[in-house]
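If you want the building blocks of each chain, they are given just below.
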Amino acid sequence: MQKRLFRLVLCLAMIALLSGQRAIAKEQEAPGLKMADQSQINSAKWTTVDHSKFKELKKKFTSGDQITKACLSCHTEAADQLHRAIHWQWLSPYDGGYGKGAYSINNFCISTNKMHDLECENCHIGWNGKHDGINCLKCHGQTNMDWRQEFKDLKEAMDSGDPDWVGEIQADIQKDVVKIGLPQRRNCGSCHFNGGGGEGVKHGDLDGSLIRPSRNLDVHMGIDGQNFTCTRCHTTKNHLVAGRVYSTPAMKKHVSLVQNDLAPKIECESCHTSKPHKKNAIGRKLNDHTDRVACQTCHIPTFARAHATQMEWYWETAGKRDKNGKIIQKKGPYGRPVYKSIKGNFVWKKNVKPEYFWYNGSIKSLTAKDVIDPSNQPIWISKPVGSPSDKNSKIAPFKVHRGSQPYDIENNTFVTPLLSEENNGFWSTLDWKDSITRGMKLMGLPYSGKFGFVKTCYVQPTTHMVAPKENAVKCIECHTRNNSRLASITGVYIPGRDRFIPLDMAGWGIAIISLIAIGLHALGRIVFAARRKEDD
Amino acid sequence: MSHKKMTNLYLFTRYERLWHWLQFIMISILMVTGLEVHGVYVWLGYATAVKIHNFVGITWLITFFFFVFWILTTGEWKQYIPTTKKLFSVIRFYSYGIFKGEPHPVPASKEAKHNPLQRLTYLGVAAALLPLQMLTGFMYWSYHSWDDWGIDFFTLKQVAIAHMAIAFAILIFVIIHVYMTTTGHTVFAHIKAMITGWEEIEEGEPVQDWEKAARP
């Protein structure tokens, strides 16, 4: 009888254990992931084409434009679609005057001078700015070829009249041009990992380390994990890529695929829903945070975890030469430059804790047309929009890049120096006066001729490099009186960080007085009892 | 010490004693974890402190309803009807008479186990402080649902401050309460009574009518 009972208990325990484990395995998968997989037509598995079999591509190309024409002979609508896209336009479709091709400025190379500053165009998807065709290979080429440079070399070879050299380059082109696919991390990264004029300059959460990241660096993109490409979240429709544009949030409303399976997958909520944590005591408490705390705030403890990122760039020190009149280039920690004559001083950092702001998905940015107040420095060229009273705002992490920039001391506007060597700009002349004058002329903006420097700040939302959950920010890092990560966040009561000091003082004060009073009372009782005993 | 004859009285029933010590354990845990959540010290770890605090808090709230049921159905609530009669002689006893070795002006009895000062204090604690602490704690715990319940005109700060203020009041009550247990005819007489149910008290003083029939 006892034996049977024992077996029964053992059986029940086993069932409980197994079902428990199954529940854990189920919970680790994001609720919307299956839907994301099902709607994932952007997968290599779906390809029905081998580009190496197309006769259109078995040609000896002499210019990039010829490749574009070959692509468009089948992909008839691609050019029309792309000409509407920001990647071609460099203009914000939502906010007039914003965009790299318009009046937007940043903390790095400042401005593209309406796409006249030629080195900036290395990151444009055209072969020659907006003048010639689209370089389809920039996003769809599957090799490491620098196509723009390759055709520059080809032109040089053809001009030299050396048929062997020409043949060699054309063979390389022929070999690589058929290797076509959907954009990989390397394709997007060729510009977005190098924003601001170099690897890891602009973004703290996007750099070369994400071409082949570990799961530890990015839990989604890790090649030893889910191996997401960028387009897995930045879903596309007719070549329009989902994402944030200046003051326009990536998504107007937080929608998960569980609610709408055709929604873009651009947000954490898309797959993880707004209640992503396990339904246990701590998980429920964590779910309580999702209304006011962005996922990224806890799940990206630091950015630039593999490569260093640039945190400061002071243009005001640019232009110095050494004793021999040569330009200077000084390297510092992480093998990154700390001074360059052509750019000024830099500070680089690794494993940086973000700064936190209330954020509703919109970023307020200044343009070269905006009047600034130099008496109130630093000037925030871009700043998160949001407030504790706005229910759509959440506490979100940012990289804040600090620096200094030239401005017009009479008109109180930023100025846009022409930089590229190809334009004989500041990087070849080190002449502020000339580069600013010509740069402002290209922008069609007034310039008084007098410039100075102002301190500036520039924010980048921190949203990539999501760490595995075991590395998420611990409760105590925010819920603490000293050095809370959210020390600068106002308008919300954070337990552990906040207290009403008069109450605490009164409470502890009365508690201590009570202790003293009972101590004296007890002493009195002892003394009087002893006296009474003597009297007896 | 008094020379009067002592007698044993069964003052506290099993449920009462169980409830008292259960509350003692729960309030101790809530105090220790609550102060950690408030940022006074780091001991268990923030997440663990929150988890324990929430679990014990909800447990307290649920078990409190059993206490309310008990006190209503047994009529024991009558023991807590406040009175000012002899209140000042009790205060005088604890601030003066106790040093002189005077007898307690209102000794405990089966029908009136609390003196007027205790009645007033325990009524305040059991009817106001503790329920308010449970209410503010419950609100604190459920703040995410305020929107749905239509009570989002409260702010977390208000609730947190109220919860903390009552926590201090309870802490101060506990300090004095624990000390007062030592004022029986021996230092541990009262604590023994709360453990065994039996209190040894001085014989003689009959229960006064006002104590038995104290009604509002």
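Reading the values: the criteria
- Residues numbered from 1 in each chain as written.
- Chains lettered and ligands numbered in written order.
- Predicted model: local features only at pLDDT ≥ 70, side-chain atom pairs only at ≥ 80, totals over all residues.
- Helix = DSSP H or I, 4+ residues; strand = E, 2+ residues; numbered from the N terminus.
- Rg over C-alpha atoms; globule rule 2.2 N^0.38 Å.
- Buried ≥ 20, exposed ≤ 12 C-beta atoms within 10 Å, placed from the backbone.
- Axes fitted to C-alpha atoms, helices over the stretch in contact; angles between N-to-C directions.
- Left-handed = near helix turned anticlockwise from the far one by under 90°.
- Contact = placed C-beta atoms within 7 Å.
- Nonpolar A, V, L, I, M, F, W, Y, C, P; charged D, E, K, R; others polar.
- Expected span 1.5 Å × (residues − 1).
- Pairing = 2+ DSSP bridges.
- pLDDT = per-residue confidence, 0-100.
- Parallel < 35°, antiparallel > 145°, perpendicular 65-115°, else oblique.
- Core = buried A, V, L, I, M, F, W, Y, C linked by C-beta atoms within 7 Å.

Draft legend 1. Region of interest: the overall build of chain A. When helices and strands are counted, chain A shows 15 helices and 13 strands. Relative to the compact-globule value of 24 Å for 536 residues, chain A shows a C-alpha radius of gyration of 30 Å, a clear excess of over 25%. Once the C-alpha set of chain A is aligned to its principal axes, its extents read approximately 130 × 80 × 40 Å.

Draft legend 2. Structural detail: the overall build of chain B. In terms of regular secondary structure, chain B is built from eight helices and two strands. The secondary structure elements of chain B, listed N-terminal to C-terminal, are β-α-α-α-α-α-α-α-β-α. Taken across its 216 residues, chain B has 19% of its residues classed as buried.

Draft legend 3. Looking closely at the packing of helix 4 (residues 116-141) of chain B against helix 6 (residues 156-180) of chain B. Residue and element names in this part refer to chain B. Taken N-terminus to C-terminus, the directions of helix 4 and helix 6 make an angle of 145 degrees; their axes are 9 Å apart at the nearest point. Of the two possible hands of crossing, helix 4 and helix 6 adopt the one that is left-handed. Of the residues in helix 6, those in contact with Val-125, Leu-129, Leu-132, Gln-133, Thr-136, Gly-137, Met-139 and Tyr-140 of helix 4 are Val-159, Ala-160, Ala-162, His-163, Ile-166, Ala-167, Ala-169, Ile-170 and Phe-173. Class assignment of the residues belonging to the contact of helix 4 with helix 6 gives a composition of 13 nonpolar, four polar and no charged.

Draft legend 4. Looking closely at the environment of A:Gln296. Residue and element names in this part refer to chain A. Within the secondary structure, Gln-296 sits in helix 12 (residues 295-299). For Gln-296, a count of 23 C-beta atoms within 10 Å translates into the label buried. C-alpha separation for the pair Gln-296 and Asn-324, spaced 28 residues apart in sequence, amounts to 49 Å. Those residues within four positions of Gln-296 in sequence are excluded, and the remaining contacts are Ala-396, Pro-397, Thr-462 and Thr-463.

Draft legend 5. Up close: helix 6 of chain B. The first and last C-alpha atoms of helix 6 of chain B sit 36 Å apart over 25 residues, in line with the 36 Å expected at 1.5 Å per residue. If you follow the buried residues of helix 6 of chain B, they end up packed against helix 15 (501-535) of chain A together with helix 1 (14-37) and helix 4 of chain B.

Draft legend 6. View of the interface of chain B and chain A. Across the boundary between the two partners, chain B contributes 28 residues, which contact 27 residues of chain A. Elements supplying a minimum of two residues to the side of chain B that touches chain A: helix 2 (46-73), helix 3 (87-100) and helix 6 of chain B. Per-element accounting of the side of chain B that touches chain A gives the leading share, twelve residues, to helix 6 of chain B.

Draft legend 7. Fine view of unusual backbone geometry. The residue after A:Gln377, namely A:Pro378, is reached through a cis peptide bond having omega 0 degrees. Along the chain, the position of A:Pro378 falls in the loop between strand 8 (362-365) and strand 9 (379-380). Positive phi outside glycine occurs at B:Lys86, with the angle close to 65 degrees.

Draft legend 8. Focus on the pairing of strand 13 (residues 451-461) of chain A. All names here are of chain A. The element strand 13 is extensively covered by neighbouring structure, given that eight of its eleven residues are classed as buried. For strand 9 and strand 13, the ladder comprises two bridges, and the chain directions are parallel. Pairing of Ile-379 across the sheet is with Thr-456, part of strand 13. Pairing of strand 11 (residues 394-408) with strand 13 involves eleven bridges; the strand directions are antiparallel. Across the sheet, the residue bridging to Tyr-407 is Gly-452, located in strand 13.

Draft legend 9. Layout of the confidence of the model for chain A. In the predicted model, chain A carries a mean pLDDT of 91, and 93% of its residues have values of at least 70. Confidence over residues 20-27 of chain A falls short of pLDDT 50; this stretch has one contact with residues more than four positions distant or in other chains.

Draft legend 10. Examining the packing of helix 1 of chain B against helix 2 of chain B more closely. Residue and element names in this part refer to chain B. Close contact between helix 1 and helix 2 brings their axes to 9 Å; oriented N to C, the two are set at 155 degrees. By the angle class used here, helix 1 and helix 2 are roughly antiparallel. Of the two elements, helix 1 crosses helix 2, and the hand of that crossing is left-handed. Of helix 2, the residues touching helix 1 (which contributes Tyr-15, Trp-19, Leu-22, Met-26, Ile-29, Leu-30, Thr-33, Gly-34, Glu-36 and Val-37) are Ala-49, Val-50, Ile-52, His-53, Val-56, Gly-57, Thr-59, Trp-60, Thr-63, Phe-67 and Trp-70. Its residues assigned to classes, the contact of helix 1 with helix 2 comprises 14 nonpolar, six polar and one charged.

Draft legend 11. Highlighting the nonpolar core. Residue and element names in this part refer to chain A. Counting residues in each nonpolar core, the largest one holds 55 residues, and the members touching the most others are Ile-105, Phe-357, Ala-368, Ala-396 and Val-415. Where this core is concerned, the elements lending two or more residues are strand 6 (344-349), strand 7 (355-359), strand 11, helix 13 (426-429), helix 14 (432-443) and strand 13. If sequence neighbours within four positions are ignored, Ile-105 has contacts with Ile-110, Ser-111, Leu-366, Thr-367, Ala-368, Ile-381, Phe-414 and Thr-416. If you look at the next biggest cluster of nonpolar residues, it comprises 15 residues, including Ile-67, Leu-137, Leu-154 and Ile-173.

Draft legend 12. Quick look at helix 2 of chain B. Given a rise of 1.5 Å per residue, 28 residues ought to cover 40 Å, and the 41 Å separating the end C-alpha atoms of helix 2 of chain B matches this to within 8%. Among the residues of helix 2 of chain B, B:Tyr46, B:Ala49, B:Val50, B:His53, B:Asn54, B:Val56, B:Gly57 and B:Trp60 are the ones counted as buried. Looking at the buried positions of helix 2 of chain B, the neighbouring elements they touch are helix 11 (281-287) of chain A together with helix 1 and helix 4 of chain B. Where helix 2 of chain B terminates, the next one or two residues include B:Gly75, which has phi positive at roughly 75 degrees.

Draft legend 13. The arrangement of the confidence of the model for chain B in detail. Mean pLDDT for chain B: 88, with 91% of residues reaching 70 or above. Reported for the predicted complex are a pTM of 0.88 and an ipTM of 0.90.

Draft legend 14. Representation of the environment of A:Ser404 in the model. Residues and elements named next belong to chain A. Counting through the fold element by element, Ser-404 comes out in strand 11. Between the alpha carbons of Ser-404 and Phe-453 there is a distance of 6.2 Å; along the sequence they are 49 residues apart. Ignoring any residue separated from it by four or fewer positions in sequence, one finds Ser-404 in contact with Tyr-314, Trp-315, Glu-316, Phe-453, Val-454, Lys-455 and Thr-456.

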